[in-house]
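In case you want the letters, here they are:
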Amino acid sequence: MNEEPQERYVYGLDDESWQEERIGVTLMLLEDRMTELRERYGPTFGDLNLDLGPLGPGLPRSEAGPDR
């Protein structure tokens, strides 16, 4: 068995729960990495907020981060 099925078995997670867990961990790691990059290179959350055209900004202005 490879690592992923073993972890799902040990923690009793079904496929959907496992995918949700992995997405959550991935997003937390992304947030940590983006914080590191902002500290190193100086952009604000607003600088990193993408304009998605007709969908609007990637993040609502109220959720753009601590340095809105």
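Residues numbered from 1 in each chain as written. Predicted model: local features only at pLDDT ≥ 70, side-chain atom pairs only at ≥ 80, totals over all residues. Heavy atoms only, no water.

**Q** Whenever I open this one, the overall build of the protein confuses me. Can you help?
**A** A count of helices and strands for the protein gives three helices and zero strands. Reading the secondary structure of the protein in the N-to-C direction produces α-α-α. Per-residue burial for the protein yields a buried fraction of 12% across its 68 residues. Carbon and sulfur atoms form 54% of the exposed surface of the protein, whose accessible area is close to 6000 Å². (Helix = DSSP H or I, 4+ residues; strand = E, 2+ residues; numbered from the N terminus. Buried < 20%, exposed > 50% of the residue type's maximum accessible area, 1.4 Å probe, protein only. Areas by Shrake-Rupley, 256 points an atom, 1.4 Å probe, with all protein chains shown as cover.)

**Q** For this particular structure, what's the right way to read the pattern of salt bridges?
**A** Side-chain pairs of opposite charge can arise whenever the charged atoms involved come near each other. Throughout the structure, instances matching the rule amount to one salt bridge. Here Glu36 and Arg33 are joined by a salt bridge, their closest N and O atoms 3.2 Å apart. Here the residue Glu36 and the residue Arg33 both occupy positions in helix 2 (residues 15-41), the gap between them amounting to three residues, near one helical turn. (Salt bridge = Lys/Arg side-chain N within 4 Å of Asp/Glu carboxyl O.)

**Q** Looking at this structure, I do not really get helix 2. What am I missing?
**A** For helix 2, built from 27 residues, the straight-helix expectation of 39 Å at 1.5 Å per residue is met to within 8% by its first-to-last C-alpha distance of 38 Å. Looking one or two residues past helix 2, Gly42 carries a phi angle of roughly 90°, positive in sign. (Expected span 1.5 Å × (residues − 1).)

**Q** Would you mind going over the environment of Leu52 with me for this structure?
**A** Relative to the helices and strands, Leu52 is located in the segment after helix 3 (45-48). Other than its neighbours up to four places away in sequence, Leu52 contacts Pro57 and Gly58. (Contact = heavy atoms within 4.5 Å.)

**Q** So what exactly am I meant to see when it comes to the confidence of the model for the protein here?
**A** Close inspection of predicted coordinates is inappropriate for parts of the model with low pLDDT. Mean pLDDT over the protein: 78, with 69% of residues reaching 70 or higher. Mean pLDDT in the protein bottoms out at helix 1 (residues 3-11), which sits at 62, and peaks at helix 2, which reaches 88. (pLDDT = per-residue confidence, 0-100.)

**Q** Could you clarify how one ought to interpret the side chain of Asn49 in this entry?
**A** For Asn49, the location among the structural elements is in the segment after helix 3. Residues within four places of Asn49 in sequence aside, it is in contact with Pro57, Gly58 and Leu59.

**Q** Just to check I follow, could you spell out a nonpolar patch on the surface for this structure?
**A** Taken together, the side chains of Ile23, Leu27 and Leu30 define a hydrophobic patch exposed on the protein surface, amounting to about 290 Å² of accessible area. Of note, Leu27 is situated in helix 2. Residue classification places Leu27 among the exposed positions, given a relative accessible area of 52%. (Patch = residues over 30% accessible without salt bridge, like charges linked within 9 Å, V, L, I, M, F, W, Y side chains within 5 Å.)

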